Each structure stands twice: as C-alpha cells, then as structure tokens.
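So you can see what is in the structure, the chains are spelled out below.
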Amino acid sequence: MGWLRAWVVRIGAALAATAVAGCGGAPEGVVPRAGAPEADAQPETTVRTGAVSIALAGDVMLGRLVNDLIYEAGPAYVWGEMLESLRAYDLFLVNLEFALTSHTEPWHDGAFKAFYFRADPSAVESLQEAGVDFASLANNHALDFQVAGMLETLRVLEGAGIAHAGAGENAAAARVPAVLRAKGLRVGVVSWADYPVEWAAGEDSPGINFTPVSVEAEDFAAVERAIRAAREQADFVVFSIHWGPNWRVRPPEGFRRFARAVIDAGVDVFWGHSAHIVQGVEFYSGRPILYDTGDFVDDYAVDPEKRNDLSALCGEMGTEVVEGEAGVLLRPAGR
Ligand SMILES: [Zn+2]
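The structure presented is a predicted model; accordingly, all values stated were derived computationally and were not measured. (Residues numbered from 1 in each chain as written. Predicted model: local features only at pLDDT ≥ 70, side-chain atom pairs only at ≥ 80, totals over all residues.)

Q: Can you tell me about the overall build of the chain, naming the residues and giving the values?
A: Along the backbone of the chain there are seven helices and 20 strands. For the chain, buried positions account for 47% of its 335 residues. For the chain, the share of sequence-separated contacts (at least 6 apart) that also reach a separation of at least 24 residues comes to 75%. (Helix = DSSP H or I, 4+ residues; strand = E, 2+ residues; numbered from the N terminus. Buried ≥ 20, exposed ≤ 12 C-beta atoms within 10 Å, placed from the backbone. Contact = placed C-beta atoms within 7 Å.)

Encoded structure:
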C-alpha cells in the first residue's frame, strides 16, 4: 500500500479546563496568539489539557483504478493498514482531488484537460470508513465533471455528514468556513486554490474559492476577511490551499511570504497541497506551515526521482488555550 501517507497533527485542547493561578507563561514551544495576556500580568490563565488530534492528508483521489478497487474490495480497503489509526483521530481532513458524481460529461473550454477524476457517489462510503470529517474542494478537479458534478459532490458529502469548504453556488458560498467540533474545540477550516482561475466562483456563478498567491492589499484583503470570519466562529483555524504546480520540490519565496502573511492574519495551521510531493515545514510565529502535504490515496504513476509515493511526514502538536486564544506546540513524531 505504497500510496498511503499521512500528515498527522495532534492538537491538545479543551478536554478539561483548569484554572492555573500565577502561570509563569506558556510552556516551551507554545506561542499564545496576539491578544493573550502577558505572562508577567499573572492573570488567571486557563490552560486546557487533553488532546484533540487532527490528521491532515494531502490529495485523496478515489477515481479511476481506486474506484475499481472500491468495487472489488470494499470501501475500507483503500486505506490499507492505516485505517485503524485514521479512525482514531478526532478529526481527519483531506483534499478531495476528484468529483463524487454520476455526471460523466467532462469540463472543457474547447480544449480538454489532461486528467479528469471522478468516483461514483457510493465511494463516499470510503471517506466514511476512515472517519473523514472534512473535504477541501478548492482545487483543480472539483469541476472536472462540470458545475453539475461539483454540486452533486456537495450534496453527496452533506448526505454523508462530511463538512466541506472551497466550492459552492457562488463566491460567498465557496468562501464559507467549515466549523468542525471535537471535544469542545471548534476548528474552522477555510479552503482556497490558486488555479484554475477559470473555475473561480463569481458573485452569481458557481465555482471554487480562488485567490492568487499574492500579499498585495487588493488581492489579500479577501483572504484576510475569510480568516477573520473563521476566527469569529472557531477557536482554532486551519487554512487549506491547493497551490503551485505539480512536482515542485520546494516553495518559492513568494509562496513563503504568502504563507507567513496568512499566519499573521490569524491562522493556526497552514495546510498546503497540490505538488504531489511533500515540501518543507516551517514554524513561523509558533505556527506550522505545511507547504505541501503531498498525496495520500491515488493511482498515480510513481516518479522514481521525485518519489511521490514517499510523502509521509507526521507531527504531533499540542495546544494550550490561554484566555480563549490557542497556541500550538509541535513535538517531533515519527510514524
Ligand atoms: Zn491538484
């Protein structure tokens, strides 16, 4: 099962709220969000213990040969030996790199795309088997089978109780954050893509939540607004983006600037995907930037040098919530 890899994020959170008087500041590695009390102010600081664990996977593509495998071996089979550990996470988030639809007419603008990914709606059972809680839809395959295929994907996910973000009937709908709940922690997820621009949802037209990778004020304002909206509804915010070309090994400087600006705007975990290759991880202001989480389930050919089948990287995180503001702690973890 060489196609199975996982990003694993463990987030400690709101199991038991304990008042800690005279707390001398955050534990090593924990950086409270701006607005949290100064350590020397000695406020009654709320430290929440326990753990909410979140697994972040990159691309999950259940079409083509994988869909055939689901028919043959059942919906759980595609997760292989990781199934039990995936089920154990409080939250499991994936990038849905295909349409869950019975529509078979591919999208094209005169020219056809190189790849179209579609699985039968019944393949949603595979997502349920692994306990997928959230599907990121802002990507370059959500509209592979036209708007009808995308809208059916939304209905299928909703029918299965799987939250989603990043695509919708119009730009406002595509931008709405998902809010997941686990052990009292509200986790907001926003989903963006930097291509294809021709699929960008409009004021009155369906599509994906598009943004250029730009920190220029006129481009970045919408990103900031969406993050703010997510923060108003959630204790912890994950920023998903499908960005950059396939097979790129490391993020260019402009991507790094963008990711840091996203953290500055109030995000706790930056979750990139699209390259099919795991790129670097950076900690910025105490927050992890996962530049590209690679592939997770697919039937893609393996590049012998780029090794898109070796995208396993895991982290273990703890979170301390100080006066309602979450800090993030990463402990190295192997898997
Ligand atoms: Zn993609």
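Q: Please give an account of the sheet that holds strand S17 (residues 287-290) that cites residues and values.
A: Taken together, the six strands give an open sheet; going across it, the order is S11-S12-S14-S15-S17-S16, and neighbouring strands pair in mixed fashion. Each having just a single partner strand, strand S11 (178-182) and strand S16 (281-284) make up the two edges of the open sheet. The mean inter-strand angle of the sheet, taken between neighbouring strand axes irrespective of direction, is 20°. Bridge count for strand S14 (residues 236-242) against strand S15 (residues 269-273) is five bridges, and the pairing is parallel. By the bridge assignment, His-242 is partnered in S15 with His-273. Those strands touched by helix H6 (residues 217-233) are S11, strand S12 (185-193) and S14, and its axis lies near 165° from that of S12. (Pairing = 2+ DSSP bridges. Axes fitted to C-alpha atoms, helices over the stretch in contact; angles between N-to-C directions.)

Q: Can you tell me about unusual backbone geometry, naming the residues and giving the values?
A: Omega for the peptide link from Tyr-195 to Pro-196 comes to -10°, which places this bond in the cis form. Looking at where Pro-196 falls in the secondary structure, it is placed in the loop between S12 and strand S13 (207-208). In this structure, Arg-64 is a non-glycine residue whose phi angle is positive, near 50°. Tracing the backbone shows Arg-64 in helix H1 (residues 64-73).

Q: Talk me through the pairing of S16; I want residue IDs and the actual numbers.
A: In terms of strand pairing, S16 meets S17 through four bridges, oriented antiparallel. By the bridge assignment for S17, Tyr-284 is matched with Arg-287. The turn joining S16 and S17, which pair antiparallel and follow one another in sequence, is formed by two residues; a positive phi near 50° is taken by Ser-285.

Q: Kindly report on the environment of Ala-163, identifying the contributing residues and their values.
A: Here Ala-163 shows up in strand S9 (residues 163-165). Expressed as a C-alpha distance, the spacing of Ala-163 and Val-179, which sit 16 residues apart in the sequence, is 7.9 Å.

So, to be careful, I would describe these as geometric facts and stop short of saying anything about function.
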